[in-house]
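Listed here are the chains, written in short residue letters.
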Amino acid sequence: MAIALVVVKLWAIAHLPIHASLARHDNLRYIIRASQLLDPDVPYDGLVLARQPGYPTFIVASYLLGLPLRFAQELLYLAAGLFLALSLQRWLQSARATGLFLILYTLAPFSYHWNRQTLQEVLYLPLTAAILGTCLNLLQDYQYPRRVLLNALTLGILGAGFWNTRPEGIWIVPVIALCYGYIALKQSCFASRTRFTTFAAASLLTVAPGVVLTSFIAGMTYLDYGLYHTYDLKAPGLRAAYSSLQRVAPERQRPQITVPAATRAEIYAVSPSFRRLAPHLEIPADEGWRAASCGLGVCDDYAAGIFFWAVRDAVEAEGFYQSAPKTEAFYQQIAREVNGACERNWLDCQPQTIVSFIPSLTGDLVMPWLRRSAELGYQLTRSSLVLRLDSGLEDIELRERYYRQITREAADFIEVRSLPANQLKDALITAVSKLYQWLFPVLLGLAVLGWIWGGLRVSQGLLIGAGMLLWCILVRVLLVAYIDVTSWSVGAGDRYLRPVLPAFWLLMVIGLELGMRRWQQRKPPQL
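Every value quoted in this text rests on a predicted model; they were computed, and no experiment measured them.

Visitor: Would you mind going over the overall build of the protein chain with me for this structure?
Guide: From N to C terminus, the protein chain includes 23 helices and zero strands. The C-alpha radius of gyration of the protein chain comes to 25 Å, within 12% of the 24 Å expected for a compact globule of 527 residues. Seen through its principal axes, the protein chain has C-alpha atoms that stretch 90 × 65 × 45 Å. Here the protein chain holds 527 residues, and the buried ones make up 54% of them. Of the contacts formed within the protein chain by residues at least 6 apart in sequence, a portion of 77% connects residues at least 24 apart. Carbon and sulfur atoms make up 64% of the accessible area of the protein chain, which totals about 23500 Å². Looking at the protein chain, you have 47 positive and 38 negative side-chain charges, and the mean spots of the two groups are 13 Å apart.

Laid out in structure tokens, this is it:
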């Protein structure tokens, strides 16, 4: 059945083109950066290191392998699902549960659009699925040292890619820590030298690939631009400057606004370097990044998540993105001036923190954070049901200029959508998706009942595995809600929630399996 599902899905999406976009700092940025990776002489500017390297590297790998990007992304998605399904089968020993998971994963309506985007989340979801599958294998194989080490190395390789794909990769660490914590307790690792050695080696194998890969990327960046970091957000100058700005006048900070206009005015007065950015930052609400902020619901100032980009563009407009050392020096100068003003009490400042880009969660935000977490948790239950079959921008000139070569997709490929056979495919996808959308709430309700009815009789191993999946979802939802109330509105949150959909589907399938097992074990009524 697994092979049949894969073949059918690949056939169904064969006519669907890459979803083209003009988002210069987002979707299109990854396409441009991937093309730049193939060019050894790309000059430094304000956007060349704006994003993490994981997804652009994947695009390049797809290109070098001769695969159309949309096919490579779908193939990766399906491969991760198959791997997770095999892990579920080893763990649950139920062919029907594994088959149901594969159906939920493969035919999810959102995937027909999701896997055609040029965003790092396209890589993030299958990496999350593969990490969860490896964690389940670790829980299953904890008594076998060689398997533990192999799983740990696999987890390390996946984690290395995960860490370099999105900036908030730290959120997966509590999930992995829970997995290793259970193994340590179950094996009494600290009571035996042999077991402790295996546990320590496994931990090292989990961490080492990430360190090695990140260091290699940072080294290559240093050779190219003189900056030993993977991308701008990790650069010490930018981190120091942004951290110093967030220190000032904390009493003025509001939800989603960490450096308001009044605070900026005070900083301009004491920091000549930051004052140079004023003409680019203090602009009308319907222009530039102010307009983008308004689109996120903050129209009277800059949303915190937008202000970071506004500062970078202002620095570039002042000519300080000609070289990485020059950029770093300018940011460090801002940090010295602002921190010096804080030390002299020219500004009202809070103590420096080790976290640069994460606003603090004040007491008045706790309830909105929890309320938003509940809303996003509910949204997760519906996030996989959205079907979109549009092609994005159908500008053939845009596709020819940016997309055609690196994605290995003809600029006029969008025109095949009008063929009768492909219109029939669209109709088939729509029909199957409507059936999926109708059945999904029914299955979810039955899964909840299954957990209630059969959850009290689960084994310890099954319970810890399910707990790991629930913990994965909880950490992600809390993080996205935190971003929403402190930095910028995530809207429905689908883009940021969908990487944990595999964990949600697994919990559904387990609940259904528990209910069916309990039903089969019920005593027949006595006549």
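Visitor: What am I meant to see in the environment of G392 here?
Guide: Considering the arrangement of structural elements, one finds G392 in the loop between α18 (366-380) and α19 (396-407). Separated by 375 residues in sequence, G392 and P17 place their C-alpha atoms 8.7 Å apart. When residues no more than four places from it in sequence are discounted, the contact partners of G392 are H19 and A20.

Visitor: Explain the environment of F274 here, please?
Guide: Within the secondary structure, F274 sits in helix α13 (residues 272-275). Residue F274 is classed as buried on the basis of its relative accessible area of 0%. Each residue touching F274, except ones within four places of it in the same chain, is listed here: L245, R264, I267, Y268, L281, F307, I334 and E337.

Visitor: Sorry, what's going on with the packing of helix α2 (residues 27-37) against α19 here?
Guide: Helix-helix packing: each pair is described by the crossing angle between the helix axes and the interaxial distance. Where α2 meets α19, the axes come as close as 10 Å, and the angle between the chain directions of the two elements is 60°. With respect to each other, α2 and α19 are oriented oblique. The handedness of the crossing between α2 and α19 is left-handed. Only Y402, Y403, I406 and T407 of α19 make contact with α2, whose side of the interface consists of L28, I31, I32, A34 and S35. Its residues placed into classes, the contact of α2 with α19 shows seven nonpolar, two polar and no charged.

Visitor: It is not clear to me how helix α11 (residues 236-247) should be interpreted in this structure. Could you clarify?
Guide: An α-helix turns once per 3.6 residues; consequently, residues spaced three or four apart project the same way. Given a rise of 1.5 Å per residue, 12 residues ought to cover 16 Å, and the 16 Å separating the end C-alpha atoms of α11 matches this to within 8%. Most of α11 sits inside the fold, with nine of its 12 residues counted as buried. Within the sequence span of α11, burial applies to G237, L238, A241, Y242, S243, S244, L245, Q246 and R247. In this structure, the buried residues of α11 make contact with α12 (261-270), α13, α16 (304-317) and α17 (324-343). The positive-phi residue at the C-terminal boundary of α11 is A249, with phi of around 45°.

Visitor: Explain the state of the cysteines here, please?
Guide: Every disulfide links exactly two cysteines, by a covalent bond between their sulfur atoms. Evaluation of the coordinates by the stated rule reveals two disulfides. Disulfide pairing places C294 opposite C299 at an S-S distance of 1.9 Å. Its torsion about the S-S bond being 80°, the disulfide of C294 and C299 is classed as right-handed. Owing to a relative accessible area of 34%, C299 belongs among the partly exposed residues under this scheme. Here C342 connects covalently by a disulfide to C349, the sulfurs 2.0 Å from one another. On the sign convention where negative is left-handed, the bridge of C342 and C349, at about -70° about the S-S bond, is left-handed. Sequence-ordered numbering of the bonded cysteines in the protein chain yields a pairing of 1-2, 3-4. With no disulfide of its own, C179 lies 4.4 Å from the sulfur of C135, the closest cysteine sulfur.

Visitor: Explain the pattern of salt bridges to me, please; I cannot follow it from the model alone.
Guide: Opposite charge on two side chains permits pairing when their charged atoms draw close. All chains considered together, the criterion is met by 23 salt bridges. Between R51 and D26 there is a salt bridge, with the nearest N and O atoms lying 3.4 Å from each other. Here the residue R51 occupies a position in the loop between α2 and α3 (54-64), and D26 occupies one in the loop between α1 (2-13) and α2, the gap between them amounting to 25 residues. When its relative accessible area of 14% is taken as the criterion, D26 is described as buried. Of the charged contacts in the structure, one is a salt bridge between E513 and R517, with a shortest N-O distance of 2.7 Å. Here E513 pairs with R517, and both are found in helix α23 (residues 501-521), just four residues apart, close to one helical turn. Taken together, the shared-partner salt bridges in this structure form one network comprising D26, R51, E121, R166, E168, R476 and R495.

Visitor: Explain the packing of aromatic side chains to me, please; I cannot follow it from the model alone.
Guide: Describing an aromatic ring pair means giving the distance of the ring centres and the angle of the ring planes. Within this structure, the stated rule accounts for 26 aromatic pairs. Here Y77 and Y105 contribute two aromatic rings whose centre-to-centre distance is 4.3 Å and whose plane-to-plane angle is 20°, an arrangement assigned as stacked. Taken together, the positions of Y77 in helix α4 (residues 69-92) and Y105 in helix α5 (residues 95-106) put the pair 28 residues apart, joining distant regions of the chain. Accessibility assignment for this pair places Y77 and Y105 in one class, buried. Ring centres of Y242 and F307 lie 6.2 Å apart, and the angle between their planes is 45°; on these two criteria the pair is classed as tilted. Of the two residues, Y242 sits in helix α11 while F307 sits in helix α16, which places them 65 residues apart along the sequence.

Visitor: How should I be thinking about the environment of L37 in this particular structure?
Guide: Tracing the chain through its elements places L37 in helix α2. Accessibility expressed as a relative area gives 38% for L37, which makes it partly exposed. In this structure, the C-alpha to C-alpha distance between L37 and F101, residues 64 residues apart in sequence, is 37 Å. Beyond its immediate chain neighbours, meaning those up to four positions away, L37 contacts P56, T57 and V60.

Cut-offs and rules
Within any chain, residue numbers begin from 1 and follow the written order of that chain's sequence. At least 70 in pLDDT is required for a residue's local features to be given in this predicted model, at least 80 for side-chain atom pairs to be given and counted, and no such filter applies to totals for whole chains, interfaces and linings, which use all residues. Side-chain calculation: all heavy atoms of the structure are included, whereas hydrogens and water are not. The way it works is that DSSP assigns letters per residue, a run of H or I at least four long becomes a helix, a run of E at least two long becomes a strand, and they are numbered from the N terminus. Each radius of gyration is computed over the set of C-alpha atoms, and the globule rule expresses the reference value as 2.2 Å times the number of residues to the power 0.38. Under the scheme applied here, a residue whose accessible area is under 20% of the maximum for its type counts as buried, over 50% as exposed, and between as partly exposed, the area being computed with a 1.4 Å probe on protein chains only. By definition, residues are in contact when any of their heavy atoms lie within 4.5 Å. Reported accessibility uses the Shrake-Rupley method at a 1.4 Å probe radius. Residues are deemed covered only where the shown protein chains occlude them. Counting rule applied: Lys, Arg positive; Asp, Glu negative; His and chain ends not counted. A single reference atom marks each charge: NZ on Lys, CZ on Arg, CG on Asp, CD on Glu. Axes here refer to lines fitted to C-alpha atoms; in helices the fit is confined to the stretch in contact. Angles between the N-to-C directions go from 0 to 180 degrees. An angle below 35 degrees is treated as roughly parallel, one above 145 as roughly antiparallel, one from 65 to 115 as roughly perpendicular, and anything else as oblique. Left-handed describes a crossing whose near helix is turned anticlockwise from the far helix by less than a right angle; the clockwise case is right-handed. Lys, Arg, Asp and Glu make up the charged group, whereas Ala, Val, Leu, Ile, Met, Phe, Trp, Tyr, Cys and Pro make up the nonpolar group; the residues left over, Gly among them, are polar. A helix is expected to span 1.5 Å for every residue after the first. Pairs of cysteine sulfur atoms within 2.5 Å are what we label disulfides. Salt bridges are defined by distance alone: a side-chain nitrogen of Lys or Arg within 4 Å of a carboxyl oxygen of Asp or Glu. Side-chain rings of Phe, Tyr and Trp (the six-membered ring for Trp) are treated as a pair once their centres are within 6.5 Å; stacked means planes under 30 degrees apart, edge-to-face means over 60, and tilted covers the remaining angles.

Note that all results are geometric; they support no functional claim without further evidence.
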